[in-house]
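Chain residues, written in single-letter form:
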Amino acid sequence: MERTFLAIKPDGVQRKLVGEIIRRFETKGFTLVGLKLMNVSRELAETHYGVHRERPFFAGLVDFITSAPVVAMVWEGEGVIASARKIIGATNPLNSEPGTIRGDFGVNVGRNLIHGSDAPETAQQEVSLWFKDEELVNWQPALLSWIHE
């Protein structure tokens, strides 16, 4: 099974959308294997957004993600990375389809509620950056056979 990293950003937590966002992934049939509410350190934020270090918006990203708690999550399932990206919607909420998290709740690109890994390699890096192995739970939901052949 594939795994991905998702984080409900400070705006999603502050707007009390945590339950709604988690519900969408549970309803889809994915398995939650890691979850924590946390304050993000500057060091973690700078590492996570390191690919953007030379861009003018880097400092703003780091300031925002460290401004309030986030909900860090690891989800597992068949095709979870691509499917999560569709559930999340386009980076800019103005370009997101209705029915997506950003399309339904997002207002602008600077407050787009949630981060999701964009590829298997990125997912693996982000999961190991945000979670220790012992913080992840390997389990099989009883309803898994009703979701997958």
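Refer to the structure printed above.
Treat the numbers as computed from the prediction; the structure is a model and nothing was measured. (Residues numbered from 1 in each chain as written. Predicted model: local features only at pLDDT ≥ 70, side-chain atom pairs only at ≥ 80, totals over all residues. Heavy atoms only, no water.)

## Considerations on the layout of surface pockets
As a volume, the largest pocket reaches approximately 590 Å³. Forming the walls of the largest pocket are 22 residues, and the residues nearest its centre are Lys 9, Tyr 49, His 52, Thr 91 and His 115. For the lining of the largest pocket, the elements supplying multiple residues, two or more each, are helix 4 (58-65), strand 4 (114-116) and helix 7 (120-130). (1 Å grid on protein atoms, 1.4 Å probe; cavity = no way out; pocket = protein on both sides within 12 Å on 5 of 7 lines; lining within 4 Å. Points joined across faces, edges and corners; volume = space filled by probe spheres on them. Helix = DSSP H or I, 4+ residues; strand = E, 2+ residues; numbered from the N terminus.)

## Thoughts on the sheet that holds strand 2 (residues 31-38)
The strand order 2-3-1-4 describes an open sheet built from four strands, whose pairing is antiparallel. Bordering the open sheet on either side are strand 2 and strand 4, each of which pairs with just one other strand. Looking at each pair of strands side by side, their axes are set apart by 15 degrees on average, direction ignored. With seven bridges joining them, strand 2 and strand 3 (residues 70-77) adopt antiparallel strand pairing. Opposite Leu 37, over in strand 3, you have Val 71 as the bridge partner. The sheet contacts of helix 2 (residues 18-28) involve strand 1 (2-8), strand 2, strand 3 and strand 4, and relative to strand 3 the element is tilted by about 5 degrees. (Pairing = 2+ DSSP bridges. Axes fitted to C-alpha atoms, helices over the stretch in contact; angles between N-to-C directions. Contact = heavy atoms within 4.5 Å.)

## Details of the pairing of strand 3
Most of strand 3 is tucked away, with eight of its eight residues classed as buried. Along strand 3, one buried face is formed by Val 70, Ala 72, Val 74 and Glu 76 and the opposite face, lined by Val 71, Met 73, Trp 75 and Gly 77, is buried too. As defined by bridge partners, strand 1 adjoins strand 3 across seven bridges and the pair is classed as antiparallel. In the strand pairing of strand 3, Ile 8 is matched with Val 71. (Buried < 20%, exposed > 50% of the residue type's maximum accessible area, 1.4 Å probe, protein only.)

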